[in-house]
Amino acid sequence: GARTALYNWLVAKKGQLDSPSSNAGFILRVEDTDLARSTKESEESVLNDLRWLGLLWDEGPSNKIDFSGVGPYRQSERGNIYIQAAQKLLDEGKAYRCFCTNEELEEMKAQQEAAGLPTRYDGRWRDAPEEEVNKMLDQGTPYTVRFKVPENTRVVIDDVVRGTVSWDADATVGDYILLRSNGVPVYFDDALMGITTVVRAEEHLTNTVRQALVLDALNAPRPKYAHCSLILGEDKQKLSKRHGATSCNQFKLDGFLPDAMINYLALLGWNDGTDNEIFTRDELVDAFDLTRVVKSPSVFDMEKLKWVNSQ
């Protein structure tokens, strides 16, 4: 997450440097809709890591009153916005209510797995008669709101890092959930927040399919996407706690300097076309370009980080 934040920060700072009169900014948004895992403590831990790295945001969650017109920045605080968007899609026939119980969904999944089929929602409420839907509503039956993926739709994005990427939308995501039965959303509203560039890990590519479909359905502009490759441990497996320190706080406690972390993280998947390996922050901002971020995974080398830290 720290490298992703850094790349977003560098893009924003370069935009501010190149176009001082623009609205370029590093926007910090908190995806806190996983009610079981999202806590004030976990949020503050992330914010403290960013502060230690010096990746200070231009807009984001705070205790101050938001005058920007695009907040609030916690997803859980934007419920009314999502409900209005979902209702608009319902009214236009681009979404529908699904009254399936968790048990029904689990049975559906088990049957598909047993048959060797991809697991996805089978669309049983997609074209349900209005009378049946109204009956369930009158009974107060809980429901989710699902996006109605148009038939034979391909989603195509021009990814800054990966080039042109396309998917068969129905085969990839099926009719996915927009609003859970408790009203909690499962996507961020990039357009209303004025987001123009999204840099994130390649594992979020299928999320991009969902978000692109919603934005298109709402006739809203898509941001520019850049999906960066994963960071691997020296065993070529996805970096995790088993490889040692992975949290910024642990690196801080181990004596690493924030400037060294910034320098090293920037080089995990990017270079400026020279042999230079030591950069100041200003030099990084001036040199950074998303088009030089590579597709291939990067290996986290602790010895290399120690060397950068000693410079």
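Scroll up a little and you will see the structure.
Residues numbered from 1 in each chain as written. Predicted model: local features only at pLDDT ≥ 70, side-chain atom pairs only at ≥ 80, totals over all residues. Heavy atoms only, no water.

Undergrad: When you look at the sheet that holds strand E2 (residues 144-147) in this model, what are you seeing that I'm missing?
TA: Two orientations exist for strands paired in a sheet by backbone hydrogen bonds: parallel and antiparallel. Read from one edge of the open sheet, three strands run E1-E2-E5, paired in antiparallel fashion. Each edge of the sheet is formed by a strand with only one pairing partner; in this case those strands are strand E1 (95-98) and strand E5 (177-179). When the angles between neighbouring strand axes are averaged without regard to direction, this sheet yields 45°. Relative to E5, E2 runs antiparallel, the two being bridged by two bridges. (Pairing = 2+ DSSP bridges. Helix = DSSP H or I, 4+ residues; strand = E, 2+ residues; numbered from the N terminus. Axes fitted to C-alpha atoms, helices over the stretch in contact; angles between N-to-C directions.)

Undergrad: What is the right way to read the packing of helix H1 (residues 2-18) against helix H9 (residues 258-266) from this model?
TA: Axis angle and axis distance: for two packed helices, these are the angle between their axes and the distance between the axes, and together they describe the pair. Interaxial distance between H1 and H9 falls to 10 Å at its minimum, and their mutual angle equals 85°. Taken together, H1 and H9 sit at an angle that is classed as roughly perpendicular. Between H1, through Ala2, Arg3, Leu6 and Tyr7, and H9, the contact on the second element is made entirely by Ile262, Leu265 and Ala266. Partitioning the contact of H1 with H9 into residue classes produces six nonpolar, no polar and one charged. (Parallel < 35°, antiparallel > 145°, perpendicular 65-115°, else oblique. Contact = heavy atoms within 4.5 Å. Nonpolar A, V, L, I, M, F, W, Y, C, P; charged D, E, K, R; others polar.)

Undergrad: Just to check I follow, could you spell out the pattern of salt bridges for this structure?
TA: Between side chains of opposite charge, pairing is possible as soon as their charged atoms come close. Under the definition given, this model contains 17 salt bridges. In this structure, Lys88 and Glu92 form a salt bridge, with 2.8 Å as the shortest nitrogen-oxygen distance. Accessibility expressed as a relative area gives 38% for Lys88, which makes it partly exposed. For Glu92, a relative accessible area of 38% puts it in the partly exposed group. Its salt-bridge partner being Glu303, residue Lys306 comes within 3.6 Å of it at the nearest N-O pair. Taken together, the residues Lys306 and Glu303, both in helix H11 (residues 302-310) and three residues apart, mark about one turn of the helix. Overall, the relative accessible area of 53% leaves Glu303 in the exposed class. Connected through salt bridges with shared partners, the residues Glu43, Arg74 and Glu77 form a single ionic network. (Salt bridge = Lys/Arg side-chain N within 4 Å of Asp/Glu carboxyl O. Buried < 20%, exposed > 50% of the residue type's maximum accessible area, 1.4 Å probe, protein only.)

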